[in-house]
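Here is what each chain is made of, one letter per residue.
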Amino acid sequence: MKVSYEWLETFFDAGTLPRVAELEQLLTFHAFEIENVEEVAGTSVIDVDVLPNRAADSLSHRGVAREISALLNISMQHDPLKEEVNLTPETDSIAIELDTDASCTYYNAARITGVAVGESPQWLQKRLEAIGQKSINNVVDATNYVLFNIGQPTHVFDATKFSGTTPSIGTRHAERGEKISLLGGTEVELDETMTVIIDRASDTPLAVAGVKGGVHAEVVNETTDIIIESATFDPVQTRKTSQALKIRTDASARFENNVADELAAYGVKAVTTLILELAGGQIQGYASAGATKPTNKEVGVTASRASKLLGADITDEIMEDIFKRLAFSYTKDGDVFNVTAPFERRDIHIPEDIIEEIGRVYGYNKIESQQLPPAQKTPRINKKFAYAELIRKTLIESGVTETFLYSLRDTGEVKLVNSLASDKDHLRSNLKDGLRELLDTSEKNMPLLGLYETVSLFEIGNVFTNGAEEMHVCVAVRVTGKKKKDERTLSALVAIKERLEEVLGTTLPEPVDETLEWNLDTVLETAPELDAYPNVPTVADAVSYKPFSQYPFMLRDIAVWVPESTTEESVREVIETHASDLLQRCDMFDVFTKDGRTSYAFHLVFQSMDETLTDEKVGVIMSGIEDEMSAQNGWEIR
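What am I meant to see in the sheet that holds strand 6 (residues 155–158) here?
One open sheet holds the 4 strands; their spatial order is 6-13-5-14, and the pairing between them is antiparallel. The sheet is open, and its two borders are formed by strand 6 and strand 14 (282–290), each paired with just one other strand. Looking at each pair of strands side by side, their axes are set apart by 20° on average, direction ignored. For strand 5 (residues 104–113) and strand 13 (residues 225–233), the ladder comprises 9 bridges, and the chain directions are antiparallel. Bridge pairing in strand 13 places C104 opposite F233. Across the sheet, helix 9 (residues 263–279) is in contact with strand 5, strand 6, strand 13 and strand 14; its angle to strand 5 comes to roughly 15°.

Below, the structure is given as structure tokens:
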């Protein structure tokens, strides 16, 4: 969620809020990961990654401000959720009737007549645009402002587009095949698992509950009579509806994370107040239907339990200080704190939830690390893991490179219902298809990889068939050149197969084309138990990583006669000294001695991180190397 620094400041006394860099560090170490900070419309905008467990209370500027207040122990000058909400005057100019089987359990509405729809003031446009929201008009902008201010989605209907003399709002399950045109012009087809908001007099759907409004009662420039909706929708049904329609809105993202029922009253009051300020009009009153569900339950926790779980000395005084900062109410019975979280916190259910809050506010950086005690008994060897490690060790020692490929492919026996992409809508049914594709890519880059004759790859991973998930092992080999290519490929695979059979003590299937694949689960049925895990080299033992270039490489060969006493290192030094930083590899591929002289031949691989190299540019480099070699006593370019 994008949070405007200027917007956050409105919750605190002037000059109280720390600089953006300090906020970024504070939130990262105590609450939320910060994705990015950027300057937009003259203010800093912080992209806060709010995880689902905190989405109910923190997907809003107020929620983030409340978190900052607790972590820094500074008061909020203005906290809209601490104000008393009084939905008066009541009105009978709106009728509401909820279907008890649908997903809406609590619904508030307000009616305002005589509004003037128009452009929003600059301050409102600026705040919305800073967080990536387009300003539409003063009525719609008011609902969006409240959404991002306190986290409650609301919606506005044009009251004159309802049938009958008194607008009557209802909810019901949609009918299979029923259609609705949504705001923005998209028409969607509904089914009976979804809930719609309806004009009860005509039974016309006005909105998909919790997801998006429709065009039937859309507010337009000529609208003067409006109804404001602020309700509670079932989180599970909202998510399923959103997924089925492939429409995820700011509203559905909040409803599916179970925003507090109590927030609905704050939402309708806030939108009504803002619209009256921005668009004028006369408030006719409020109406409600349904009821809020029970608020958070009391949770018992002790300082000793918190100290044991956190590994720190947490006293009663520390607990009480943190409870006050988080606005948790509590009573004390002996050494037990009976704690109740504020209504917007929907993630506090058990003592461990409270202790987690204590830990992050107290600061994990204050907790000293401790060595874990020795294990009381030796755990049993995991047979599948041990054999996978044994195979991995054997193949790595044989010079085969391990790979990890996607489990999602464009074909397979198991098709995904909600795929991420059209070319990844199936689960893989084997490993060999992916490895063959990787052989194609690797073959094109063999010189860059330092390979000139053979590419050998393997993968250990799960494959999926109808009704089964199996762990497979696959080895893939490709050799270069055309002479006896199939024979050399088969020979390489057979050598690997025989080595594995010797280590595993079992018979493996025969290679097919360029691959050798087998079901590890089947092999384990007859394999003996192992009494220890093999010692497999780790990445840290031998490998470092660096960014790779997006541009193609160029390969050049050079051979030179030198006096027999001249070493390979001497020739390599001349090459590397005069080849510039475009030289990525220098591999000797041939050496022989004749008549008191030695011939060295090298493959030189050039590549740039910034551009596609040309023959001319690499030619200048090669000329420089050749000139330097020719200048050496007794050296002759071949």
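Back to the text.
Even after reading the chapter, I still don't get the environment of V215, so can you show me in this structure?
Tracing the backbone through its elements, the reader meets V215 in the loop between strand 12 (212–213) and strand 13. With 107 residues separating them along the chain, V215 and I322 place their C-alpha atoms 48 Å apart.

Would you take a moment to explain the pairing of strand 22 (residues 454–465) for this structure?
The two faces of the sheet receive side chains in turn, since in a regular strand these alternate between them. Most of strand 22 is tucked away: 9 of the 12 residues are buried. In this sheet, strand 22 lies alongside strand 18 (residues 401–402) in parallel orientation, the contact comprising 2 bridges. Bridge assignment links T401 to a residue of strand 22, and that residue is L457. Looking at chain direction, strand 22 and strand 23 (residues 468–479) are connected through 12 bridges and run antiparallel. Within strand 23, the position partnered with T454 by the bridge is V479. Between strand 22 and strand 23, which follow one another and run antiparallel, lie 2 residues, and G467 among them has a positive phi close to 85°.

Explanation requested: the environment of K212 in the structure shown.
Looking at the secondary structure, you find K212 in strand 12. With 338 residues separating them in the primary sequence, K212 and Q550 have C-alpha atoms 42 Å apart. Those residues in contact with K212, other than ones at most four positions away along the chain, are L182, L183, A207 and T249. There is a polar contact of 3.2 Å between the side chain of K212 and the backbone oxygen of L183.

Before we go on, may I ask you to explain the environment of I637 in this structure?
Along the chain, I637 turns up in strand 28 (residues 636–637). For the pair formed by I637 and D353, sequence separation is 284 residues and the distance between their alpha carbons is 74 Å. I637 has contacts with I558, A559, V560, E626, M629 and S630, leaving out every residue within four places of it along the chain.

How do you make sense of the packing of aromatic side chains when you look at a structure like this?
Each aromatic ring pair is described using two quantities: the centre-to-centre distance and the angle formed by the ring planes. Taken as a whole, this structure holds 10 aromatic pairs when the rule is applied. Between the aromatic rings of F323 and Y330, the centroid separation amounts to 5.5 Å while the plane-to-plane angle is 50°, which identifies the pairing as tilted. Assessed through its relative accessible area of 0%, F323 is described here as buried. Residue classification places Y330 among the partly exposed positions, given a relative accessible area of 24%. Taken together, the ring pairs in this structure connect W7, W123 and Y145 into an aromatic cluster. The side chain of K332 reaches across the aromatic face of F337, ending 5.3 Å from its centre. The positively charged end of K366 is found above the aromatic ring belonging to Y362, 5.2 Å away from the centroid.

Can you walk me through unusual backbone geometry in this structure?
If a residue is not glycine, its phi is most likely negative; likewise, a peptide bond is most likely trans. Cis geometry marks the peptide bond from T88 to P89; its omega dihedral reads 5°. You can see P89 is positioned in the loop between helix 4 (61–72) and strand 4 (95–97). Positive phi, close to 55°, is recorded for N73, a residue that is not glycine. Along the chain, the position of N73 falls in the loop between helix 4 and strand 4. Despite not being glycine, N258 has its phi angle at roughly 65°, a positive value. Assignment of secondary structure puts N258 in the loop between helix 8 (250–255) and helix 9.

Reading the values: rules and limits
- Residues numbered from 1 in each chain as written.
- Predicted model: local features only at pLDDT ≥ 70, side-chain atom pairs only at ≥ 80, totals over all residues.
- Heavy atoms only, no water.
- Pairing = 2+ DSSP bridges.
- Helix = DSSP H or I, 4+ residues; strand = E, 2+ residues; numbered from the N terminus.
- Axes fitted to C-alpha atoms, helices over the stretch in contact; angles between N-to-C directions.
- Contact = heavy atoms within 4.5 Å.
- Buried < 20%, exposed > 50% of the residue type's maximum accessible area, 1.4 Å probe, protein only.
- Polar contact = N/O pair within 3.5 Å; in protein donor to acceptor, adjacent residues only side chain to side chain.
- Phe/Tyr/Trp six-rings, centres within 6.5 Å; stacked < 30°, edge-to-face > 60°.
- Lys NZ or Arg CZ within 6 Å of the ring centre and 35° of its normal.

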